[in-house]
Structures are given as C-alpha cells and as structure tokens.
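# Architecture at a glance
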Amino acid sequence: MLTDAPPAPSHQRSRGRAELGLVAAPGGARIAHLYQSSPLRILFPDSDPAEPKQAALVNVAGGLAGGDSLEVAITLGPRARFTATTPAAEKIYRTLGPETEIASTLRLEAGSVCEWLPQETIVFDGARLTRRMGVDIAGDATLLAAEMLVLGRAARGERFTQGAVHDRWRIRRDGRLLWADAFRLADPGAAASPFVLDGAGAVATLLLAAPEAASHRDLLRDLTDGRAGVVAPGLLLARWMGEAGAVRAGVARALVALRQAALSLPPRLPRLWRT
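Report on the accompanying structure. (Residues numbered from 1 in each chain as written. Predicted model: local features only at pLDDT ≥ 70, side-chain atom pairs only at ≥ 80, totals over all residues. Heavy atoms only, no water.)

## Quick notes on the overall build of the protein chain
- The secondary structure content of the protein chain amounts to two helices and 17 strands.
- Computed over the C-alpha atoms, the radius of gyration of the protein chain is 19 Å, within 12% of the 19 Å expected from 2.2 N^0.38 for a compact globule of 275 residues.
- With the C-alpha coordinates aligned to their principal axes, the bounding extent of the protein chain is approximately 75 × 40 × 40 Å.
- Taking all 275 residues of the protein chain together, the buried fraction comes to 52%.
- For the protein chain, the distance from the average site of its 33 positive side-chain charges to the average site of its 28 negative ones is 2 Å. (Helix = DSSP H or I, 4+ residues; strand = E, 2+ residues; numbered from the N terminus. Rg over C-alpha atoms; globule rule 2.2 N^0.38 Å. Buried < 20%, exposed > 50% of the residue type's maximum accessible area, 1.4 Å probe, protein only. Lys, Arg positive; Asp, Glu negative; His and termini not counted. Charge placed at Lys NZ, Arg CZ, Asp CG, Glu CD.)

## Notes on the nonpolar core
- In this structure, I74, W116, V123, L143, I171 and L207 are the most contacted members of the largest nonpolar core, which totals 51 residues.
- Not counting the four nearest positions on each side in its chain, I171 is found in contact with V135, I137, R176, L177, L178, W179, L207 and L235.
- Counting residues in each nonpolar core, the second largest holds 31 residues, with I122, A210, V251 and W273 among its members. (Core = buried A, V, L, I, M, F, W, Y, C linked by side-chain atoms within 4.5 Å. Contact = heavy atoms within 4.5 Å.)

## Brief notes about the sheet that holds strand β1 (residues 15-23)
- Taken together, the seven strands give an open sheet; going across it, the order is β2-β1-β5-β8-β11-β13-β14, and neighbouring strands pair in mixed fashion. Here the strands that pair on one side only, and so sit at the sheet edges, are β2 (30-37) and β14 (176-185). Across this sheet, the average inter-strand angle for adjacent strands is 5°, counted without regard to direction. (Pairing = 2+ DSSP bridges. Axes fitted to C-alpha atoms, helices over the stretch in contact; angles between N-to-C directions.)

## Description of unusual backbone geometry
- For the bond running from S38 to P39, omega is 10°, close enough to zero to count as cis.
- Relative to the elements of secondary structure, P39 occurs in the loop between β2 and β3 (40-43).
- Within the chain, A50 stands out as a residue other than glycine whose phi angle is a positive 70°.
- When you line up the elements, A50 lands in the loop between β3 and β4 (53-59).
- We classify A50 as exposed; its relative accessible area is 61%.

## Thoughts on the pairing of strand β16 (residues 228-232)
- Here β16 pairs with strand β17 (residues 235-242) via four bridges, running antiparallel. Looking across to β17, one finds that A232 is bridged to L235.
- Linking two consecutive strands that pair antiparallel, namely β16 and β17, is a turn of two residues; a positive phi of about 75° is found at G234 within it.

In structure tokens, the structure reads:
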C-alpha cells in the first residue's frame, strides 16, 4: 500500500525584534529605551572622532530563511544625532515556500539627524523576501538612508532566476505622506528581462530627507551620472542598477560626499563599512 509522502523539512522560525529610543546628549545621543529579542541584537561600537553615536544591528543567526522575520524600530528624540548600520551583509536563503520578512520603522523628532546605512542584503536564488521601511520625520529633522539589494550570490556567479522580492518605502513628514515607493520582482526570469532589470545583479536606493536637500542635487547628480533628483519637497533621491561591486562602490562614493556636505561629518564611511 502506498503511503503519503513525508512532509517537507522545516526549520525553527526566527522572529527577532529590536527597539531603540535615543535622546540628545554629548556625542550625539544616549540610550533611553532598549529592547531586543533573538536573533536580533544591537551593539554599540566606539565611534570614530567627530562621529555621532553608532549602533550595529546584528542578526546572530547568520542569515534568514523562509518564515523568519526581523523588526527594527528606532526613535530619535529632539536634536539627537545617530548612525545605524550593520557589520556585514544580510543573507536571505532559498525557501521551500514561506517568505522572509524584514520591517524597519524610523521616527525622527524635531532637529534630529539619523543615518540609516545597513550594508547590502543578498537574496539567494529561490528566496522570497518582503521588506518594508516606514519613516516618520519632523519637518526640520534630517535623514540620510541607503539600502542595497544583491540578487544572487555574485561571488559564486549565481543569478536570481526564481523567487520573489517586494521592497516598499513610506516616508511621512509631520504626519503627511511625502513619498511612497515599491519594487516588486516575482516572475521567474524577470530580473533578466530588458523591461525589468536587464540582468543587473544589484539595485540600490539612497535618499536625503532634509529641509535643504535640494541644495545637494548637483553634487549627487555629478556622482551618479545624472541618476539623481528631487522627488518631493526636501527629498533628494538617487538609484543604481548594475553589478554588485559597481553598485556598492557608487553608493559608497555618494555617502561619503553627502555625509560631509549635508551632515558636516568627516568624508568617510562608517567604521563597520571599512572593516
């Protein structure tokens, strides 16, 4: 007699969450609230001279599989200055069906300055990722943010031929929607289509939200061969598409320039990007 096939193997799903609240203090900020649950941890390496307080968001599991989720919520009080980054690329593994979910929320109160600069997210062939970024920013606050997706393991020559990616941004200023954007890649082989990514192995978005953002438009356009512009009042945006190494290098050049020009920080990447 034939029996039913055994169920597909599964893993223990990870559901990490981190909450961080900061208030203004010498050095940029001090911690007012901290909550974290495995596998997500927030570490606080020493900052370089003239740099604001920094945090490293660490997934101690080493990567995310189908069904795993991470949530990050960061709040900056009035006049706080802060940089959030990661010590390495995040890896999204192939799944047997369930999606991997990443949700990030930033709240910037009056006069605060935040950098959101995680290193790239590598989406393995066959992975399914839904990622959401929600930002609520006060009218005179400043945000410099960058996100990069690498489609397939470039170092192994792997291409993203199946799976799905849904990446969504929502930015509100003083409670009103300022910018909404979504990127969706779901059909097999869509990344290779000349009407979608035309075979590009990586995509990246960089934005500067600040009252004087438009004054840095020409600088950013020069660094991106014209692929930058003001997309809403006080919101400057640039995008890259191409091979992973070239995209990362382009984002790095733009970050160095904008950190100096817009945030009055030393013209260098955060330490974790350089180690």
